[in-house]
Amino acid sequence: MSQGGGVEAPNSGLRYEPIVVSDEATVVATYEPDNGSDQGYQSEAELEAKFIEMLRQQAYERLHIKSSTDLEVNLRRQLELLNNVVFSDDEWKWFFAKKIASKNEGIVEKTARIQEDPIQVLARDDGTSKNIKLLDKSNIHSNRLQVINQYEAVGQGAGTARKHRYDVTILVNGLPLVHMELKRRGVPLKEAFNQINRYQRESFWADAGLFEYIQLFVISNGTHTKYYANTTRARKVAESEGGKRRRKQTSNSFEFTSWWTDAENRRIGDLTAFTRTFFSKHTLLNVLTKYCVFDVSRTLLVMRPYQIVAAERIMRRVESSAKATGPKAGGYIWHTTGSGKTLTSFKTAQLASKMDGIDKVLFVVDRKDLDYQTMLEYNRFEKDSVNGSRSTAELKRQLQDRNASIIVTTIQKLSRFIEQNKGHEITEGHVVLIFDECHRSQFGDMGTAVRKAFRRSHLFGFTGTPIFPQNAGGATKDTTEKIFGDRLHSYTILDAINDGNVLPFRVSYQNTVRAADDVEDKQVVGIDTEEVLRHPERIRKIVAYVLDHFDTKTMRTQGYSLGEKRVRGFNSMLATASIPALKIYYDEFARQQTERAVADPAYQRLKIATIFSYAVNEDEEVGGILDDEAMDADQLDASSRDFLARAISDYNADFGTTYDTSAAKFENYYKDLARRVKDREVDLVIVVNMFLTGFDATTLNTLWVDKNLKSHGLIQAFSRTNRILNSVKAYGNIVCFRNLEQAVDDALVLFGNSEANEVVLLKPYTYYHAAYVGLVEQLLEQCPPGTEPFGEAQERAFVVLFGRILRVRNILTSFDEFAHDESLPPRRLQNYTSVYNALWERHRKRDNGEKESILDDVVFEIELIKQVEVNFDYILMLVQRWRDEGQANIGEDGRMPLRAIEDAIDASPSLRNKKDLIMDFVDSMSVTGDVNDDWRVFVTRRREAELAEIIDAERLRAEQTKSFIEAAFRDGAIATNGTAITQVLPPVSRFAKDNNLGAKKERVIAKLTEYFERFSKLT
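For clarity, every value in this text was computed on a predicted model and none was experimentally measured.

Asker: I'd like to hear about the overall build of the protein chain, residue by residue, with values.
Answerer: Scanning the protein chain for helices and strands turns up 35 helices and 28 strands. The burial tally for the protein chain puts 57% of its 1019 residues in the buried class. Of all intrachain contacts in the protein chain linking residues separated by at least 6 positions in sequence, the fraction that spans at least 24 positions is 73%. Accessible surface, the protein chain as shown: approximately 42900 Å² in total, 48% of it carbon and sulfur.

So, in structure tokens, the structure goes:
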């Protein structure tokens, strides 16, 4: 383990030194692994024992606590020691019930207490009050760390009592704040993750609910170790998998678990190394008290090691260079696009604003849309933490306001302020300026003016794509280092993909111009003729290709949950070279979609929008930097503005809005379009430069490129597609209609390294297809068609193998070549899917709570299984065939039509709970008539009848219940919060005997939710 030593910057002659060589760094500078000689088999129990012993050697107190009573007794004693107080029995009883273990609180409320309000007021017996710290954030080493293991709790699983035994828990001042779940070496890490999810769901709330205080989870199989926060990203409300418990809970996404590393981004995965670093007292307490952010959506975010390193190196540069000026007082952070620069900069700004002697922290962006988006992000972390400046006059007021510690502004407004207020006192103050995306206009005259004015200040830049000598342009040839100073930390796209923090790219090339048999696109581009590339026939073919392949590339056959709604597939962006090209594309899409709708009345039109404005250079600038577009349409020529007005009018017709090209409404159009792209309401947005930098939408997975891109601009544009969302989205999909292959290779070498291609780009189709064929062969051997796995060992092997097939298949689905693959024919895939679904349902709804299945923690890829499920239109087609052909006839696939209907339903997770409805409909069908019409009548009657049964059984208000359910079908979700559900319930006197309104409400919500899921998406 080393805290010193210079580090070579990747792929450059640059060299930087750690700012401060200190044992107090949260993330160790470098870690040299200890390759011990112990190579023997290690059981899970042995792994646990070794881990606990290492913690004990690191001065954790070892306790043997097995019950909630013992846990409470220890908590009381630890809080007495921390606060130098002795509770009377009555004081403790009151404090514990009111301030620690309220029965009305869950994970979110308890997280808020630890993160936002760790000092609670004790009402003493003598009438006085005293502040009681649950966690000391000002002096972290006052907190006491203890370790317990094999704590037992009884919860509810599948409707029955289940006993759980937790592996290892870290108590901080007696409260369980960190929990570790271990698996023996060789077991997939995700199984430990799934087990913690089950504990959160079924038993952390048991007894006094103290385990709901856990802030961080750690999972390890000895070889690999990861950590994550208790509300990691995919929070859901009232989630229950078969259980009766419906309190506010959380659900985590494995894709957002984090690796721990040293400061040079070298992974520390081995449990021994992880324990010596992450579980060192200083590091763990720093992470808990300083490097977690509990945002306004009530989600706890824990920072990743590279984010912590960046924040601390900026703080130390400020401390060590208080009297320095220019680049020596600042530096820049190279963290790749999509790695969480906003969270890093927010925490840095927050910490800097609290430093002694710092007058202001300015977060500087370079255009209105980034200003708006950054303010949204900052305010997501902490409401009203940002003082956004909409005008130069307002900026001046805020700069003079002593209470405005963090200000977000644009460089344009800041430079105007400097010009209008020469010698203002703030420019002589001690100010920290943090520049977002510092490769941009900070290199122009405005940046020069700002740096000259704030002479005593510290300037720090964040960028995902620095300007090096190789991609510098313009007369000054300035680089990021020359402007801002030393590179303080690097986290490249290669690091991010290796860690799983962003997705790799799959790049394909479609040759669209052939002047002669031996002339490719690149040679055409070389003669610099956009006229050829804008030829209507070429664009016609590209539009046809996009429409033909849109569902495949954006994975429209796959379903997943987005917030509270269910959606299919992703959306995409088309990058064009210029406004004239964009106009041709927009009209061609409209023309071809109209043709397709006329030819096929069932054709579903894509919702297509566009946005553009004036830019100095519509195509790339020198160095590959994409020029900013203005946030108003005033400077557009008349023809372009008229076209933009027409496109916005189309948008208004699609979404019922009233935007236009005036300055105020155009900015609101930008914001509304950005929101609808993020919510996957827009299928395709056509752009020139706008949205290609500084815009994040996790639902975007495909970029269609008809534009010359290189270096910085190429990486920025491609990176719109590789934000992590869920297991369905496995990579960013890039379809190039120009030959950018060399430009891609050059950019990856510049911003990654010479081996970046191997990591950043997906391998060719043949690689994945060969793996897929091999897995299918294993499946056919282990579980031949017509058989099912017998016994838990065979079931486990089947689930694991079929899950691997689904994951590889998920990658293959957007390759055009896979469309005709018959390695696993549709009917056989459907049969195996039915077996998989049956195992999932059986093991998530076990009746015997005393016996734990060995499949409980196996990964079921339910999101991926839904990509191969059939939709309801297909079911009705089979029903039509059953009626037309008769039950006795055999279909082309050798099956009776009625059996085909049942098999298709069994293969669909979303239709299995509707099977009785569908089969009852088959039995009741008329001999003649339209199947679709008959189905609508049947479902309407059953919906009304089953809702009437619920109303009668629970004595609900009939009209209010019907309105409540209609709203749920309209909105796509049951509203479990608010007043709507209470209006459904019958009036009950609070004084009535055996009145339990809470239990009644939970039971009604459970029934209505089941009813909603049963009838949703059926008509």
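Asker: How would you explain the packing of helix α12 (residues 411-420) against helix α13 (residues 445-453) if you had to name every residue and give the values?
Answerer: Viewed as axis vectors pointing N to C, α12 and α13 meet at an angle of 55°, and their least axial separation amounts to 9 Å. Here α12 is positioned oblique relative to α13, judged by the angle of their axes. The element α12 and its partner α13 pack so that their crossing is left-handed. Contacts from Ile411, Gln412, Leu414, Ser415 and Ile418 in α12 reach Met446, Gly447, Ala449, Val450 and Ala453 in α13. Partitioned by chemical class, the residues of the contact of α12 with α13 number 7 nonpolar, 3 polar and no charged.

Asker: So, helix α19 (residues 579-599): which residues are in play, and what are the values?
Answerer: Over its 21 residues, α19 extends 30 Å from the first C-alpha to the last, a length consistent with the 30 Å expected when each residue adds 1.5 Å. Every buried residue of α19 is accounted for by Ile579, Ala581, Leu582, Lys583, Tyr585, Tyr586, Glu588, Phe589, Gln592 and Gln593. The elements touched by buried residues of α19 are α18 (536-553), β24 (571-576), β25 (608-610), α20 (638-655), β26 (684-687) and β27 (700-706).

Asker: Please set out the pattern of salt bridges residue by residue, giving values where relevant.
Answerer: By the definition in use, this model includes 39 salt bridges. Between Glu191 and Arg796 there is a salt bridge; the shortest N-O distance is 2.8 Å. One end of the pair, Glu191, is in helix α5 (residues 189-202); the other, Arg796, is in helix α26 (residues 791-812), and 605 residues separate them in sequence. A relative accessible area of 24% places Arg796 in the partly exposed class. Counted as one network, the salt bridges with shared partners bring together Asp672, Arg675, Arg676, Asp679 and Glu681.

Asker: Can you tell me about the packing of helix α11 (residues 392-400) against α12, naming the residues and giving the values?
Answerer: Packing of α11 against α12 brings their axes to within 9 Å, and their N-to-C directions diverge by 75°. Put simply, α11 runs roughly perpendicular to α12. Here Thr392, Leu395, Lys396 and Leu399 of α11 lie close against α12, whose contacting residues are Lys413, Leu414, Arg416, Phe417 and Gln420.

Asker: Talk me through the confidence of the model for the protein chain; I want residue IDs and the actual numbers.
Answerer: Here the protein chain averages 80 in pLDDT, and 78% of its residues register 70 or above. For residues 233-251, every residue scores under 50 in pLDDT, and the model assigns this stretch 56 contacts once sequence neighbours within four places are set aside.

Asker: Which residues make up the nonpolar core, and what are the values?
Answerer: Counting 106 residues, the largest nonpolar core has Ile100, Ile170 and Phe279 as the members making the most contacts within it. Element by element, the count of residues in this core is highest for helix α8 (residues 305-320), at 6 residues. Those residues in contact with Phe279, other than ones at most four positions away along the chain, are Phe51, Leu55, Gln58, Tyr60, Ile170, Val178, Met180, Val218, Phe274 and Leu284.

Asker: So what's going on with the packing of aromatic side chains? Residues and values would help.
Answerer: By the definition in use, this model includes 46 aromatic pairs. Clustering of aromatic rings is evident, with ring pairs tying together Tyr151, Tyr166, Phe193, Tyr199, Phe204, Phe211, Phe217 and Tyr228. Its end group placed over the ring of Trp259, Arg267 keeps NZ or CZ at 4.0 Å from the ring centre. Sitting over the ring of Phe815, Arg506 keeps its end group 3.7 Å from the ring centre.

Asker: Tell me what's going on with the environment of Asn701, and back it up with residues and numbers.
Answerer: Mapped onto the fold, Asn701 is located in strand β27. The class for Asn701 is buried, based on a relative accessible area of 1%. Sequence-wise, Asn701 and Met555 are 146 residues apart; in three dimensions their C-alpha atoms are separated by 8.9 Å. When near neighbours in sequence (up to four residues on either side) are disregarded, Asn701 contacts Lys553, Thr554, Met555, Phe570, Asn571, Thr721, Lys729, Tyr731, Gly732 and Asn733. Reaching out from Asn701, the side chain makes a polar contact with the backbone oxygen of Lys553 at a distance of 3.0 Å.

Parameters at a glance
Residues numbered from 1 in each chain as written. Predicted model: local features only at pLDDT ≥ 70, side-chain atom pairs only at ≥ 80, totals over all residues. Heavy atoms only, no water. Helix = DSSP H or I, 4+ residues; strand = E, 2+ residues; numbered from the N terminus. Buried < 20%, exposed > 50% of the residue type's maximum accessible area, 1.4 Å probe, protein only. Contact = heavy atoms within 4.5 Å. Areas by Shrake-Rupley, 256 points an atom, 1.4 Å probe, with all protein chains shown as cover. Axes fitted to C-alpha atoms, helices over the stretch in contact; angles between N-to-C directions. Parallel < 35°, antiparallel > 145°, perpendicular 65-115°, else oblique. Left-handed = near helix turned anticlockwise from the far one by under 90°. Nonpolar A, V, L, I, M, F, W, Y, C, P; charged D, E, K, R; others polar. Expected span 1.5 Å × (residues − 1). Salt bridge = Lys/Arg side-chain N within 4 Å of Asp/Glu carboxyl O. pLDDT = per-residue confidence, 0-100. Core = buried A, V, L, I, M, F, W, Y, C linked by side-chain atoms within 4.5 Å. Phe/Tyr/Trp six-rings, centres within 6.5 Å; stacked < 30°, edge-to-face > 60°. Lys NZ or Arg CZ within 6 Å of the ring centre and 35° of its normal. Polar contact = N/O pair within 3.5 Å; in protein donor to acceptor, adjacent residues only side chain to side chain.

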